[in-house]
Amino acid sequence: MVNIYTTPTCVYCQMAKEFFKENNVSYQEHDVSSDAKAREEMINKSGQMGVPVIEVEGEIVIGFDKEKLMELLDIK
Amino acid sequence: MSAAIYAARKKLSVEIIADKFGGQTSLQPEVHNYPGFLDKDGLVLMQNMRSQVKNFGIDIKEVGQGIKSISSRQENGKEIFILEDKNGDTYEGKSVIVASGKKPKKLGIPGEEEFYNKGVTYCATCDAPLFGEKTVAVVGGGNSGLDSAMQLTKYAKKVYVLVRSDIAKGDQITQDKLKEIEVVEFIMNAEVQEIKGEKFVNKMIYKDKASGEEKELDVEGVFVNVGMIPNSDFLKGFCELNQWGEVVINPKTNATSHVGVFAAGDVTDILEKQTVIAAGEGAKAALQCYKWLASN
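Reading guide: rules and limits
- Residues numbered from 1 in each chain as written.
- Chains lettered and ligands numbered in written order.
- Predicted model: local features only at pLDDT ≥ 70, side-chain atom pairs only at ≥ 80, totals over all residues.
- Heavy atoms only, no water.
- Patch = residues over 30% accessible without salt bridge, like charges linked within 9 Å, V, L, I, M, F, W, Y side chains within 5 Å.
- Areas by Shrake-Rupley, 256 points an atom, 1.4 Å probe, with all protein chains shown as cover.
- Salt bridge = Lys/Arg side-chain N within 4 Å of Asp/Glu carboxyl O.
- Lys, Arg positive; Asp, Glu negative; His and termini not counted.
- Charge placed at Lys NZ, Arg CZ, Asp CG, Glu CD.
- Helix = DSSP H or I, 4+ residues; strand = E, 2+ residues; numbered from the N terminus.
- Buried < 20%, exposed > 50% of the residue type's maximum accessible area, 1.4 Å probe, protein only.
- Pairing = 2+ DSSP bridges.
- Polar contact = N/O pair within 3.5 Å; in protein donor to acceptor, adjacent residues only side chain to side chain.
- Contact = heavy atoms within 4.5 Å.
- Axes fitted to C-alpha atoms, helices over the stretch in contact; angles between N-to-C directions.
- Parallel < 35°, antiparallel > 145°, perpendicular 65-115°, else oblique.
- Left-handed = near helix turned anticlockwise from the far one by under 90°.
- Nonpolar A, V, L, I, M, F, W, Y, C, P; charged D, E, K, R; others polar.
- Phe/Tyr/Trp six-rings, centres within 6.5 Å; stacked < 30°, edge-to-face > 60°.

## Points about a negative patch on the surface
In step 1: Side chains of Asp65(A), Glu67(A), Glu71(A) and Asp89(B) sit close together on the surface and give a patch of like negative charge.
In step 2: Structurally, the position occupied by Glu67(A) is in helix α3 (residues 66-72).

## Some words on a positive patch on the surface
Residue and element names in this part refer to chain B.
In step 1: Residues Arg-9, Lys-10, Lys-11 and Lys-291 make up a contiguous surface patch of positive charge.
In step 2: Topologically, Lys-10 is positioned in the loop between α1 (2-9) and β1 (15-18).
In step 3: On the basis of relative accessible area, Lys-10 is assigned to the partly exposed category, the value being 35%.

## Some details on the pattern of salt bridges
In step 1: Under the definition given, this model contains 22 salt bridges over all chains.
In step 2: Two residues, Glu59(A) and Lys68(A), come together in a salt bridge whose shortest N-O distance is 3.7 Å.
In step 3: With a relative accessible area of 37%, Glu59(A) lands in the partly exposed category.
In step 4: We classify Lys68(A) as partly exposed; its relative accessible area is 26%.
In step 5: Salt-bridge contacts for Glu75(B) lead to Arg73(B); the nearest nitrogen and oxygen are separated by 2.7 Å.
In step 6: We classify Glu75(B) as partly exposed; its relative accessible area is 38%.
In step 7: Within this structure, Glu41(A), Lys45(A) and Glu55(A) form a network of salt bridges that share partners.

## Brief notes about the pairing of strand β3 (residues 67-75) of chain B
All names here are of chain B.
In step 1: Sheet topology places β3 next to strand β4 (residues 78-85); eight bridges connect them, and they run antiparallel. Its bridge partner lying in β4, Ile-70 is registered against Leu-83.
In step 2: Where β3 folds back onto β4 in an antiparallel hairpin, the turn is made up of two residues, including Asn-76, whose phi is positive at roughly 50°.

## As for the side chain of Gln175(B)
All names here are of chain B.
In step 1: You can see Gln-175 is positioned in helix α6 (residues 172-179).
In step 2: Judged by relative accessible area, Gln-175 falls into the buried class, the value being 5%.
In step 3: Here the side chain of Gln-175 touches Gly-170 through a polar contact of 2.9 Å, landing on its backbone oxygen.
In step 4: Those residues within four positions of Gln-175 in sequence are excluded, and the remaining contacts are Leu-146, Ala-168, Lys-169, Gly-170 and Phe-186.

## What about unusual backbone geometry?
In step 1: Looking along the chain, the bond that leaves Val51(A) and enters Pro52(A) is cis, with omega of 0°.
In step 2: Inspection of the secondary structure puts Pro52(A) in the loop between α2 (36-46) and β3 (53-56).
In step 3: Its identity is not glycine, yet Glu133(B) carries a phi of approximately 60°, on the positive side.
In step 4: By the element assignment, Glu133(B) lies in the loop between α4 (124-127) and β9 (135-139).

## Considerations on the packing of helix α5 (residues 143-152) of chain B against α6(B)
When two helices pack together, their arrangement is given by the angle between the helix axes and the distance between those axes.
All names here are of chain B.
In step 1: The N-to-C vectors of α5 and α6 enclose an angle of 30°; their axes lie 10 Å apart at closest approach. Compared by their axis directions, α5 and α6 come out roughly parallel. Crossing angle aside, the handedness with which α5 passes α6 is left-handed. Two secondary-structure elements touch here, α5 through Leu-146, Asp-147, Ala-149 and Met-150 and α6 through Thr-174, Gln-175, Lys-177 and Leu-178.
In step 2: Here the contact of α5 with α6 is composed, by residue class, of four nonpolar, two polar and two charged.

## A short note on the packing of aromatic side chains
In step 1: Applying the stated criterion across every chain, the model contains seven aromatic pairs over all chains.
In step 2: Seen from their ring centres, Phe20(A) and Tyr27(A) are 5.4 Å apart, and the 40° between their planes marks the pair as tilted.
In step 3: The class for Phe20(A) is buried, based on a relative accessible area of 0%.
In step 4: Ring plane angle 70° and centroid distance 6.4 Å describe the contact between Phe262(B) and Trp292(B), whose orientation is recorded as edge-to-face. With a gap of 30 residues between them, Phe262(B) in strand β17 (residues 261-263) and Trp292(B) in helix α7 (residues 275-295) connect regions that are remote in the sequence.
In step 5: Ring-pair connections join several aromatic residues into one group, and the members of that group are Phe19(A), Phe20(A), Tyr27(A) and Phe64(A).

Laid out in structure tokens, this is it:
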């Protein structure tokens, strides 16, 4: 299960979502600009406030770190 | 991007090596002055360029940390350029077009690094929505500072704008608009000294230059907009840079002081830093690069 915490204006969030679509990865998006609970959750999980924060099977990735995501999702 | 497109049209073998795709334009929520582009969203403009580049079969290597160094070696009496990224990977070419743009300047004060992404940010477009109902400070009274403040008024409950001198340099029209918004407060003659907090930012210290007094502001966010610096560190000692670190180019040919190395866009000493100008400069650089390669 992939969770992605985003804001509507964040460029790297959009790039990350596109990357998921290209690689047929299903994900659940949490818009932290409108969902205060998700915002707290993201800050607690990642210890910081930058978006995107991506959670892959409990592992937290801060920013759109493509290489790290490819490794975690086993994409070649 | 435009340099790559033009170079590919000339059947040169091209590779784009970038920190990350997108650049400053992709962070602009509204682009109103790129001819023929009606969509407004800067990211869409850059994505269109990326699709165009990909259609030419050009690979965009996103290396994350950017280029560390440039060097060269001789092969059959010709100079071969070697770029090394921060992961230690190297790329070789017969010519290089530098179009690495600019990045936000830092304040260089205590707490800035420590609280990066913990309240300190350089991108309101990216992060403003995270500061809903919070008190924030924008440092910088230029256009980018005023734009950040404007974006923040949609979310934050209080927006301080700290300006170093007694007048803000940004457009008067934006200043007037901001002054009418209740949550905005300008603080003039303010020199930011330190950012403090525990896990996240909760305070900022600044010096009131008029009185010499040190003052505190309770803020949870600090948006730094104090200008841009060119991404040209890796060129030091290889090409001539001006006092601001911009690559000095021949404005007609985009040639740098190092033969075979061209440069284009915001990283150079051209006077106007605009997306449409950078795109044109990239095209110029690629055409000149092609001519140079053909005659060498």
